[in-house]
Every structure is written in structure tokens, then in C-alpha cells.
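So you can see what is in the structure, the chains are spelled out below.
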Amino acid sequence: MNAAVTLLIADDDAVTRSGLRTLLALQPGIVVVGEAADGVEAVERARRLRPDVVLMDVRMPRLDGIEATRRLLAGPAEPPKVVVITTFENDGYVTAALGAGAAGFVLKRLPVPEIARAVRVVAAGEAILFPAALRRLVTARPLDSAEALPQAALTVREEEVLRLMATGLSNPEIARSCGVSLETVKTHVGNVLTKLGAQNRTHAVVIAYESGLVVPGVTG
């Protein structure tokens, strides 16, 4: 059995923080180890408690969640993964979260099981971003690396894996779809990230959309 994912929740609203803690603690495979009421506390407590994942609100006093994410990930070796969570469906937050190194971005209005899934996916070394924000991000706020794909020399299999990543499939789901082992998929994903110069899976997917390899709403 896989070990439970340890989680720190950072949110300046005590009611929201308490509700998330109570509901996420009921989700399978998640153990909430602490809370933080602002960005400064989030960084301090994450470094002390060493959770696998920090669920980081954006708008917080003293230090906002984006800057807290940047400081946390620039800290000691093996920092936690960060999932940015917010009430606001704001493209600027998505861009800032990616730039700060966050591995995921979810909305507070999502059902708790979906937020829990995001936490587990990110803890497993993958990335998650709600599709609507991704579609707007690639059309309104292109990244500098948009031209990386034509020069990346991806193999046919690597392109296939990238397309499947862009649909939101996890590594095990990609392995089943392609009929290959999980280790093979991990190798392909690693090669894709390296060739694209992508910071993480989400960044690679953004590049795929920007390059035209993947078109929003079109499959196959």
C-alpha cells in the first residue's frame, strides 16, 4: 500500500482553512499535518513539517501565495510540491503560479474529491491544471518557449505521450493507453521535458498547446 500524502493547508480565511482540513482529511490517502494563515507561516511551517504537498491560497496577508511558493521552492533540498488554490479564475494567477514553480492550480469551487485528486497527482510527481485556465493561458499569455516544439525533435512516441499528457492523463493511464510499462512512460515524459526545456508537465502541456500540437477541444 502506498504511503499517505502529507498535506499543509495555507489560507488566510479560518473557516475555509478549517473546512478544507476537515473534508480533505476524510479523503483516502491524505493526511493533513498542519495549517498556515498567511504566506510567511506557510513557508515556515512547510520547512518545519516537511509535508509532501502544500495547498497554497493566492491572496494572503504578509506574503501572497505566489511569492510564498517561489520562496518555498527556492529553499532547502527536496521542497514540497505546491498546488495553488484560489476562488478566482484569473489567468494572471495561473501564469504567476507556473512561473513560481507550482505543480498545480485548482479552484476552491471544485468538489473536494477533485481537489484531493490534484493533491495526490502532484505528490506522485505529475502536474495538474484545470483545462479552462490552460486554454485561456495559451491563447492570451504565450510563454517564451512556444517555439521549442519544432526544434525539440520529439520521437513519434514522445509526441503521442505529450498529446496524452495534454488531455490530463496520469502516467499509469498513459501506460494503459499506449500498451507500455509505467517505467517506459516515465522515461518518455522525462525525455519530453528535457527536449522542450519545460519546468514541469504543466509547462510542457502549455508548450504543446502553443505550438499547435494540441488544439483545445480537439482529440485524436
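This structure is a prediction, so every number in the text was calculated from the model and none was measured.

Q: How would you summarise the packing of helix α2 (residues 39–49) against helix α3 (residues 65–73) if you had to cite specific residues and measurements?
A: The description of two packed helices rests on the angle between their axes and on the distance between the axes. Between α2 and α3, the least distance of the axes is 9 Å, while the angle of their chain directions is 25°. By the angle class used here, α2 and α3 are roughly parallel. The two elements α2 and α3 meet at a crossing, and its hand is right-handed. The residues of α3 that touch α2, namely those facing G39, V43, A46 and R47, are A68, R71 and L72. Counted by class, the contact of α2 with α3 contains four nonpolar, one polar and two charged residues.

Q: Can you tell me about a nonpolar patch on the surface, naming the residues and giving the values?
A: A grouping of V31, V33 and L49 is seen on the molecular surface, where their side chains present a nonpolar patch of about 190 Å² in accessible area. Note that V33 resides in strand β2 (residues 30–36). Residue V33 is classed as partly exposed on the basis of its relative accessible area, which comes to 32%.

Q: So what about the pairing of β2? Which residues, and what values?
A: Note on strand geometry: in a regular strand, side chains alternate between the two faces of the sheet. Sheet analysis places strand β1 (residues 5–10) next to β2, joined by six bridges and oriented parallel. Paired with T6 across the two strands is V31, which belongs to β2. For the crossover from β1 across helix α1 (residues 14–25) to β2, the handedness is right-handed.

Q: I'd love a proper account of the packing of helix α8 (residues 156–166) against helix α10 (residues 182–196), names of residues and values included.
A: Remark: α8 packs on α10, axes separated minimally by 9 Å, with the N-to-C direction vectors making an angle of 95°. In terms of orientation, α8 lies roughly perpendicular with respect to α10. The residues of α10 that touch α8, namely those facing R157, E158, V161, L162 and M165, are H188, V189, N191, V192, K195 and L196. A per-class count over the contact of α8 with α10 returns six nonpolar, two polar and three charged.

Q: Can you explain the nonpolar core? Please cite residues and give values.
A: Counting 45 residues, the largest nonpolar core has L7, L24, L55 and M56 as its most contacted members. Of all the elements, helix α5 (residues 112–123) adds the most residues to this core, at six residues. Each residue touching L7, except ones within four places of it in the same chain, is listed here: L24, I30, V31, V32, V33, G34, P51, V53, V54, L55 and V119.

Q: Residues and numbers for α2, please.
A: Listed in full, the buried residues belonging to α2 are G39, E41, A42, V43 and A46. For α2, the secondary structure elements touched by its buried residues are β1, β2, β3 (53–57) and α3. Count one or two residues on from α2 and you reach R50, which has phi positive near 50°.

Q: Residues and numbers for the pairing of strand β4 (residues 81–86), please.
A: β4 sits mainly inside the fold: five of its six residues count as buried. Sheet topology note: the β3/β4 ladder contains five bridges and is parallel. If you follow D57 over to β4, its bridge partner there is I85. Relative to strand β5 (residues 104–107), β4 runs parallel, the two sharing four bridges. The partner of V84 across the bridge, within β5, is F105.

Q: Talk me through helix α9 (residues 171–178); I want residue IDs and the actual numbers.
A: Residues of α9 that are buried: N171, I174, A175 and C178. Viewed along the axis of α9, the buried residues span an arc of 105°, placing them on a single side of the element. The elements touched by buried residues of α9 are α8, α10 and α11 (201–211). One or two residues past the end of α9 sits G179, with phi positive at roughly 70°.

Q: Quick rundown of the pattern of salt bridges? Include the residues and the values.
A: Applying the stated criterion across every chain yields a total of 11 salt bridges. K195 serves as the salt-bridge partner of E158, at 2.8 Å between the closest nitrogen and oxygen. Highlighted residues: E158 in helix α8 and K195 in helix α10, separated in sequence by 37 residues. For E158, a relative accessible area of 3% puts it in the buried group. A single network of salt bridges, built from pairs that share partners, joins D11, D57 and K108.

Rules used in this analysis
Residues numbered from 1 in each chain as written. Predicted model: local features only at pLDDT ≥ 70, side-chain atom pairs only at ≥ 80, totals over all residues. Heavy atoms only, no water. Axes fitted to C-alpha atoms, helices over the stretch in contact; angles between N-to-C directions. Helix = DSSP H or I, 4+ residues; strand = E, 2+ residues; numbered from the N terminus. Parallel < 35°, antiparallel > 145°, perpendicular 65-115°, else oblique. Left-handed = near helix turned anticlockwise from the far one by under 90°. Contact = heavy atoms within 4.5 Å. Nonpolar A, V, L, I, M, F, W, Y, C, P; charged D, E, K, R; others polar. Patch = residues over 30% accessible without salt bridge, like charges linked within 9 Å, V, L, I, M, F, W, Y side chains within 5 Å. Areas by Shrake-Rupley, 256 points an atom, 1.4 Å probe, with all protein chains shown as cover. Salt bridge = Lys/Arg side-chain N within 4 Å of Asp/Glu carboxyl O. Buried < 20%, exposed > 50% of the residue type's maximum accessible area, 1.4 Å probe, protein only. Pairing = 2+ DSSP bridges. Right-handed = clockwise from strand over helix to strand, strands pointing away. Core = buried A, V, L, I, M, F, W, Y, C linked by side-chain atoms within 4.5 Å. Arc of directions from axis to C-beta.

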